[in-house]
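The lines below spell out each chain.
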Amino acid sequence: AGDLPPAGQMAFTMGRYFDNADVGEAVAHELAAQMMGGRQPALADLPIRCMVGDPTDPGRRSMPVAITTLTIRYDSRRHEARFLTHWRDPALVATNGDMYTVVPVGMFQPAGTTRGDGTGDFDLWRGMAREYSEELLGNAEHRDVNYQAWAFFTTLERLRAEGSCRPYCCGIGVDPLTLATDLLAVTVFEAAAFDELFADLVEDNDEGHTVVRGSDGTFGTLFCAEEIHRLVAVEHVQSAGAAVLEAAWRMRSALVGV
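Residues numbered from 1 in each chain as written. Predicted model: local features only at pLDDT ≥ 70, side-chain atom pairs only at ≥ 80, totals over all residues. Heavy atoms only, no water.

## A few points about the overall build of the protein chain
Operational definition: For the purposes of this entry, the term helix denotes a DSSP run of H or I that reaches at least four residues, the term strand denotes a run of E that reaches at least two, and both are numbered from the N terminus. Here the radius of gyration uses the C-alpha set of atoms, whereas the globule reference equals 2.2 Å times the residue count to the power 0.38. Each residue is placed in one exposure class: buried if its accessible area under a 1.4 Å probe, protein chains only, is under 20% of its type's maximum, exposed if it is over 50%, and partly exposed if it falls in between. The contact definition used throughout considers only heavy atoms, calling two residues in contact when any of these lie within 4.5 Å. Throughout, the Shrake-Rupley method with a 1.4 Å probe supplies accessible areas, and for residues the shown protein chains are the sole cover considered.
Along the protein chain, the regular secondary structure elements total 8 helices and 10 strands. For 258 residues, the compact-globule estimate of 2.2 N^0.38 gives 18 Å, and the protein chain sits close to it at 19 Å. Here the C-alpha coordinates of the protein chain stretch approximately 55 × 50 × 40 Å along the principal axes. Burial status across the protein chain gives 43% buried among its 258 residues. Sequence-distant contacts in the protein chain: of pairs separated by 6 or more residues, those separated by 24 or more amount to 63%. If you sum the accessible surface of the protein chain, you get close to 13500 Å²; carbon and sulfur atoms cover 52% of it.

This is how it looks when you write it as structure tokens:
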């Protein structure tokens, strides 16, 4: 994972969804073949990985970025923070099937091509908003959105301006196996704001199942060291999901004051 300085900037260019998979899947299979053969390979035994070089250097390879967002519902009256996880159905997704992660997660990509330069709508916060609508409310993929007329987004913007919706960036992570790159984000919603925005929260979407009720029958999963350890160390959790959970726990005082 990498840290972003306070005034950090990111620059992007055009690419394709499978640019990362073309390299990352080959690197992963190369290592898996060695491990399945009973070997503990050195770097010299992995020629494809050697060709990649520094996996955090965007000058070495195409590096499409996903936004992996931990969504926290914070009840300030009870001083309780809870979060959502998502099980990725292997029949519905191309990567990380049969694994848990946080929600929402989506590639940072244009939504349509209405701009003259062909890049379409390319904005981190708007991309997160579209993923919230699609994954937590079950809406179809958004394209060429009129944000001023989109009630969900205008409500989200109002809650953000009021301070009851607070997005954060924890850094950037690169999966050591597949080299998948994720912007690690956290959005903290005050309980009333979350309940207003996601009154029609769905459990099933186009990529799997959101764990809306925990084992104790209450909303989500308690944001605490024990639950995060269980998910990261025991459950089958996608690497970026594990990374953002651990980063958020380190930042918990700034996020929710616990």
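What follows picks up the thread again.
## Some details on the environment of Asn96
Looking at where Asn96 falls in the secondary structure, it is placed in the loop between strand 3 (85-88) and strand 4 (99-102). Between the C-alpha atom of Asn96 and that of His236, which follows or precedes it by 140 residues, the distance is 9.8 Å.

## Some remarks on unusual backbone geometry
For the bond from Val103 to Pro104, the omega torsion is 5°, close enough to zero to count as cis. Turning to its location among the elements, Pro104 is positioned in the loop between strand 4 and strand 5 (105-107). A positive phi is found at Asn96, a non-glycine position, where the angle reads about 55°.

## As for the sheet that holds strand 9 (residues 208-211)
Across a sheet, paired strands are connected by hydrogen bonds in the backbone, their directions being either parallel or antiparallel. Here is the rule: Any two strands with at least two DSSP bridges between them are considered paired.
The 4 strands lie next to each other as 4-3-9-8, forming an open sheet whose pairing is antiparallel. Sheet topology places strand 4 and strand 8 (204-205) at the edges, where each strand pairs with a single neighbour. Sheet topology places strand 3 next to strand 9; 4 bridges connect them, and they run antiparallel. Counterpart to Arg88 in the pairing with strand 9 is Gly208.

## A short note on the pattern of salt bridges
For clarity, the threshold we go by: By convention in these notes, a salt bridge is any Lys or Arg side-chain nitrogen within 4 Å of a carboxyl oxygen on Asp or Glu.
Evaluated as defined, the whole model comprises 10 salt bridges. Between Glu207 and Arg88 there is a salt bridge; the shortest N-O distance is 3.6 Å. Of the two residues, Glu207 is situated in the loop between strand 8 and strand 9 and Arg88 in strand 3; the sequence distance between them amounts to 119 residues. Judged by relative accessible area, which is 27%, Glu207 ranks as partly exposed. Here the salt bridges share partners, and the residues they tie into one network are Arg78, Glu80 and Arg82.

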